[in-house]
Amino acid sequence: MMKTRAPRNRTLTCGTTEMGVYMSGLLRLSEPVSAADVTNVLIHQDVNAALPFLPSAFADLLVLDPPYNVTKNYNGHVFRAQGASEYQAWFDKMIVGMLRLLKSTSTVYVCSDWQTSALVFPVLSRHLNVRNRITWEREKGRGAKANWKNNTEDIWFCTVGEDYYFDVESVKLKRRVIAPYREENGEPKDWKVTEDGNFRLTHPSNIWCDITIPFWSMPENTDHPTQKPEKLIAKLILASTPPNGFILDPFLGSGTTAVVAKKLGRRFCGIELNQEYCCWAAKRLCIAENDTTIQGYSEGVFWDRNSLSVQKSPTASAISANQSGGLFNE
């Protein structure tokens with residue numbers, strides 16, 4: 001049954017005709033493939049069925065956003081909560097299967113909620129170098145009468161080895177200055193006056209409070225129940241892959257990782273079991289051909305939440321770089 005939506009609702013959907021068009025471009029693996037075969041490709045398949053056919057040591061970055069250990073319906077595919085040991089065994093098997101796909105210099109980011117976070121850490125520490133835990137504010141959540149409202153999630157930052165890529169300059173935060181301090185001569189100290197207010201560039205910490213969850217009036221929004229914001233994924237991609245780096249997302253969902261990779265001039269491969277989610281991802285990739293903006297990211301920096309009076313467009317050079325590829329394998 002079609003949902004009744006408000007007039008200004010911008011949630012992305014696919015009609016029957018669109019679904020047919022986008023489905024024709026999806027890939028299913030039945031034999032070993034090369035990295036070129038899966039460059040800028042969406043794979044519509046169960047991740048366990050696809051993994052054995054993927055090439056070895058091809059991904060620079062693995063963005064892993066698996067089902068958390070909670071019962072949730074993903075558009076007809078229900079993942080059910082398990083006992084702690086059962087979930088850890090499932091997660092361990094998955095991680096082991098993906099290690100072959102990574103380079104010795106690769107980075108892995110693993111998303112989780114607070115409960116699942118405690119389960120995945122021991123598994124990750126057995127197989128990878130766990131370097132940090134990012135906690136980000138979801139800025140909304142259901143209230144609770146007998147508990148604290150849950151509105152944070154974790155992202156574990158891991159690397160395969162000691163030699164890895166990390167570009168801190170690309171993920172600086174443009175933070176609003178509430179109490180600006182001036183030098184004796186009256187000049188701003190470590191901050192600047194801009195048309196949007198007083199800001200300073202700061203190094204990113206492992207606490208992120210500048211993320212906006214996709215909602216009905218944002219063009220990136222879909223009906224996926226656990227969609228990650230483009231701004232969130234953009235930070236991971238810029239920090240941990242060079243231009244043209246290769247990103248693998250084996251639980252692609254509505255396509256955020258692939259879309260952001262395309263907008264930022266990186267290669268990608270996404271795997272997703274749900275057909276409708278794949279089509280949403282394909283449609284978003286087509287839209288990204290002409291719109292490379294990322295909410296909250298402008299002029300090469302990330303801005304505090306809601307601090308941009310008008311969303312600025314990327315520079316002409318960035319647009320040129322980001323439009324260099326098509327939707328499917330080139």
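A quick note: this is a predicted structure, and the numbers were derived from the prediction, not measured. The residue numbering used here restarts from 1 in each chain and proceeds along that chain's sequence as written. Totals for whole chains, interfaces and linings use all residues, but because this is a predicted model, local features are given only for residues with pLDDT of at least 70 and pairs of side-chain atoms are given and counted only at 80 or more. In computing side-chain values, all of the structure's heavy atoms are included and hydrogens and water are not.

### Describing the pattern of salt bridges
Stage number 1. Within this document, salt bridges are pairs made up of a side-chain nitrogen of Lys or Arg and a carboxyl oxygen of Asp or Glu, the two lying within 4 Å of each other. In total, this model carries 16 salt bridges according to the counting rule given.
Stage number 2. Two residues, Glu-153 and Lys-228, come together in a salt bridge whose shortest N-O distance is 3.8 Å. Within this pair, whereas Glu-153 is found in strand S7 (residues 152-159), its partner Lys-228 is found in the loop between strand S11 (207-208) and helix H5 (230-240), the two being separated by 75 residues in sequence. Of the two residues, Glu-153 and Lys-228, neither departs from the other in class, the shared state being buried.
Stage number 3. Salt bridges here are not isolated pairs; linked through shared partners, they connect Asp-65, Arg-138, Glu-153 and Lys-228. In this description a helix means any DSSP run of H or I spanning at least four residues, a strand means any run of E spanning at least two, and both kinds are numbered starting from the N terminus. Burial status follows relative accessibility: with a 1.4 Å probe on protein chains alone, a residue under 20% of its type maximum counts as buried, one over 50% as exposed, and anything between as partly exposed.

### As for the packing of aromatic side chains
Stage number 1. Each pair of aromatic rings taken from Phe, Tyr and Trp, with Trp reduced to its six-membered ring, is defined by centres within 6.5 Å and is described as stacked if the planes are under 30 degrees apart, edge-to-face if over 60, and tilted in the remaining cases. Summed over the entire model, instances satisfying the criterion amount to 12 aromatic pairs.
Stage number 2. On the basis of an interplanar angle of 85° and a centroid distance of 5.0 Å, the ring pair of Phe-58 and Phe-246 is categorised as edge-to-face. In this pair, Phe-58 sits in the loop between helix H2 (47-50) and strand S2 (59-64) while Phe-246 sits in strand S12 (residues 246-249), placing the two residues 188 residues apart along the sequence. Each of the two residues, Phe-58 as well as Phe-246, counts as buried.
Stage number 3. Each ring, one from Phe-79 and one from Tyr-87, has its centre 6.3 Å from the other, and the planes form 85°; the classification is edge-to-face. Neither Phe-79 nor Tyr-87 differs from the other in exposure class; each is buried.
Stage number 4. Ring-pair connections join several aromatic residues into one group, and the members of that group are Phe-79, Tyr-87, Trp-90 and Phe-91.
Stage number 5. Put simply, a charge is over a ring when the Lys NZ or the Arg CZ is close to the ring centre, within 6 Å, and near the line of the ring normal, within 35 degrees. The positively charged end of Lys-235 is found above the aromatic ring belonging to Trp-208, 4.6 Å away from the centroid.
Stage number 6. Sitting over the ring of Phe-302, Lys-235 keeps its end group 5.4 Å from the ring centre.

### Looking at unusual backbone geometry
Stage number 1. Positive phi, close to 50°, is recorded for Ala-57, a residue that is not glycine.
Stage number 2. With respect to the element layout, Ala-57 can be found in the loop between H2 and S2.
Stage number 3. Positive phi values are uncommon outside glycine, yet Asn-244 reaches one of about 75°.
Stage number 4. On the secondary structure map, Asn-244 appears in the loop between H5 and S12.
Stage number 5. On the basis of relative accessibility, which here comes to 45%, the residue Asn-244 falls in the partly exposed class.

### Re the sheet that holds strand S9 (residues 192-194)
Stage number 1. A sheet is described by the order of its strands in space; here five strands give the open sequence S9-S10-S8-S15-S14, paired in mixed fashion. Each edge of the open sheet carries a strand with a single partner, namely S9 and strand S14 (297-298).
Stage number 2. By the convention used here, strands pair only if DSSP detects at least 2 bridges between them. As defined by bridge partners, strand S8 (residues 173-176) adjoins strand S10 (residues 197-202) across four bridges and the pair is classed as antiparallel. By the bridge assignment, Arg-175 is partnered in S10 with Arg-200.
Stage number 3. When checking whether two residues touch, look at their non-hydrogen atoms; a contact exists if any pair is within 4.5 Å. Fitted lines through C-alpha atoms give the axes, limited to the stretch in contact for helices. The angle between two N-to-C directions lies from 0 to 180 degrees. Across the sheet, H5 lies against S14 and strand S15 (301-303), angled at about 155° from S15, the strand it touches most.

### Points about the environment of Leu-236
Stage number 1. Here Leu-236 lies in helix H5.
Stage number 2. Spatially, the C-alpha atom of Leu-236 lies 22 Å from that of Trp-280, the residues being 44 residues apart in sequence.
Stage number 3. Among residues more than four places away in sequence, those in contact with Leu-236 are Leu-61, Tyr-109, Ile-134, Ile-155 and Trp-208.

### Let's talk about the nonpolar core
Stage number 1. Buried Ala, Val, Leu, Ile, Met, Phe, Trp, Tyr and Cys residues form a nonpolar core when they are joined through side-chain atoms within 4.5 Å. In terms of nonpolar packing, the biggest core is built from 82 residues, with Leu-42, Ile-43, Leu-54, Leu-64, Phe-91 and Leu-124 touching the most fellow members.
Stage number 2. Here this core gets eight residues from one element, more than from any other, and that element is helix H7 (residues 275-288).
Stage number 3. Once residues within four sequence positions are removed from consideration, Phe-91 is found in contact with Leu-64, Pro-66, Val-110, Val-120, Val-123 and Leu-124.

### Things to note about the environment of Leu-201
Stage number 1. Mapped onto the fold, Leu-201 is located in strand S10.
Stage number 2. With relative accessibility at 48%, the residue Leu-201 sits in the partly exposed group.
Stage number 3. For the pair Leu-201 and Trp-191, spaced 10 residues apart in sequence, the C-alpha to C-alpha distance is 7.4 Å.
Stage number 4. In this view, Leu-201 contacts Lys-172, Leu-173, Lys-174 and Val-301; residues no more than four positions away in its chain are not counted.

### Some details on the sheet that holds S11
Stage number 1. Strand order in this open sheet of eight strands is S1-S13-S12-S2-S5-S7-S6-S11, and the pairing throughout is mixed. Sheet topology places strand S1 (41-44) and S11 at the edges, where each strand pairs with a single neighbour.
Stage number 2. Across two bridges, strand S6 (residues 129-137) lies against S11 in parallel orientation. Opposite Trp-136, over in S11, you have Trp-208 as the bridge partner.

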